[in-house]
Amino acid sequence: MTNDIVQAIEIYADPKAVYDTVSTRSGLSAFWTADVEGDEAIGGELTFGFAEAPVRLPIKVTRLDPPSDVAWDCPGGFPFWEGTTVSWALHTSDHGTKVVFRHDGFADGMADFDLGSIAQTWAQIIERLKEVVENGGNPNPALS
């Protein structure tokens with residue numbers, strides 16, 4: 001059995017706007033980190049740089065199904081991430097888009113504090129996604 005993170009948020013924008021943000025280097029750099037490099041196509045590898053991290057975070061793009069699904073495999077890079085998967089499921093709602101985010105596959109027995117810390121970080125990132133898509137801007141000047 002593995003540990004999984006699930007986050008959900010409603011974004012007041014159409015699914016295509018959300019999809020374009022989570023599936024492209026320019027979109028990811030607007031809400032996650034400004035340092036995004038690599039190939040955003042299926043089978044491509046993106047890498048993410050963070051000032052406080054000693055290594056870049058690699059992810060492999062495994063699914064792009066516009067405008068509803070994006071999925072990545074995580075080969076490593078950050079502690080606990082090796083062998084995990086990330087997915088963004090986007091569903092049309094009365095007010096825009098319901099986003100169900102999953103980061104699955106953390107090892108059984110992982111400390112609750114470590115899993116909770118990763119979940120908290122994702123919650124902040126997903127809130128920035130909402131702000132960027134709804135407001136068309138960058139909510140965090142440090143990401144500029």
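Just above sits the structure.
Here goes a summary of the coordinates provided. (Residues numbered from 1 in each chain as written. Predicted model: local features only at pLDDT ≥ 70, side-chain atom pairs only at ≥ 80, totals over all residues. Heavy atoms only, no water.)

## Considering the sheet that holds strand E2 (residues 35-38)
Let me state the cut-off plainly: When DSSP finds two or more bridges between a pair of strands, those strands are recorded as paired. Strands are runs of DSSP state E lasting at least 2 residues, helices are runs of H or I lasting at least 4, and numbering of each runs from the N terminus. The angle between two axes is taken between their N-to-C directions and runs from 0 to 180 degrees, where each axis is a line fitted to C-alpha atoms and a helix contributes only its stretch in contact. Here, two residues are considered to be in contact whenever any of their heavy atoms come within 4.5 Å of each other.
In space, the seven strands of this open sheet follow the order E1-E7-E6-E5-E4-E3-E2, with antiparallel pairing throughout. Two strands in the sheet have a free side with no partner beyond their single neighbour: strand E1 (3-11) and E2. Taken over all neighbouring pairs, the strand axes of this sheet differ in orientation by 25 degrees on average, direction set aside. Judged from the nine bridges that link them, strand E6 (residues 84-93) and strand E7 (residues 96-106) form a sheet pairing that is antiparallel. Each bridged residue has a counterpart across the sheet, and for leucine 90 the counterpart in E7 is valine 99. Along the sheet, helix H3 (residues 112-135) makes contact with E1, E6 and E7, crossing E1 at roughly 20 degrees.

## Side note on unusual backbone geometry
Across residues other than glycine, the phi torsion is negative in most instances, and most of the peptide bonds are trans. Where we set the bar: Between buried and exposed lies partly exposed: a residue is buried under 20% and exposed over 50% of the maximum accessible area for its type, with that area taken using a 1.4 Å probe on protein chains only.
Put simply, proline 66 and proline 67 share a cis peptide bond, and its omega is -10 degrees. Within the fold, proline 67 resides in the loop between strand E4 (57-65) and strand E5 (69-74). The phi angle at phenylalanine 80 is positive, at roughly 80 degrees, despite the residue not being glycine. By secondary structure assignment, the location of phenylalanine 80 is in the loop between E5 and E6. The exposure class of phenylalanine 80 is partly exposed, given its relative accessible area of 43%.

## Topic: the pairing of E2
Across four bridges, the pairing between E2 and strand E3 (residues 45-49) is antiparallel. The residue of E3 that forms the bridge with valine 36 is phenylalanine 48. Between E2 and E3, which follow one another and run antiparallel, lie six residues, and glycine 43 among them has a positive phi close to 85 degrees.

## Remarks on the nonpolar core
How we decide: The set of buried Ala, Val, Leu, Ile, Met, Phe, Trp, Tyr and Cys residues whose side-chain atoms join them within 4.5 Å is what this entry labels a nonpolar core.
Ranked by size, the top nonpolar core spans 37 residues in total, and within it Phe31, Trp32, Phe48, Trp72, Trp88 and Trp122 carry the most contacts. When residues of this core are assigned to their parent elements, the largest contribution, nine residues, is made by H3. Apart from residues no more than four positions distant in its own chain, phenylalanine 48 is found in contact with Leu28, Trp32, Thr33, Asp35, Val36, Arg56, Leu57 and Ile59.

## With respect to the packing of aromatic side chains
This is how the line gets drawn: Paired rings are identified among Phe, Tyr and Trp, the last through its six-membered ring, by centres lying within 6.5 Å, and are further divided according to the angle between planes into stacked (under 30 degrees), edge-to-face (over 60) and tilted (the rest).
Under the criterion given, the structure shown has 13 aromatic pairs. Ring centres of phenylalanine 31 and tryptophan 88 lie 6.1 Å apart, and the angle between their planes is 90 degrees; on these two criteria the pair is classed as edge-to-face. Taken together, the residues span a long stretch of sequence, with phenylalanine 31 in helix H2 (residues 25-31) and tryptophan 88 in strand E6 at a distance of 57 residues. A relative accessible area of 0% means that phenylalanine 31 is categorised as buried. Aromatic pair tryptophan 32 and tryptophan 72: ring centres 5.9 Å apart, planes at 5 degrees, arrangement stacked. Here tryptophan 32 is found in the loop between H2 and E2, whereas its partner tryptophan 72 is found in strand E5, with 40 residues between them in sequence. Among the residues examined, tryptophan 32 registers a relative accessible area of 5% and is labelled buried.

## So, the pairing of E4
Of the pairings in the sheet, the one linking E3 to E4 comprises four bridges and is antiparallel in character. Residue leucine 46 lies in a different strand from E4, and its bridge partner there is isoleucine 59. Alignment of E4 against E5, held across five bridges, turns out to be antiparallel. Opposite arginine 63, over in E5, you have alanine 71 as the bridge partner. Following E4, the chain reverses through three residues before pairing antiparallel with E5.

What is shown is where atoms sit, not what they do.
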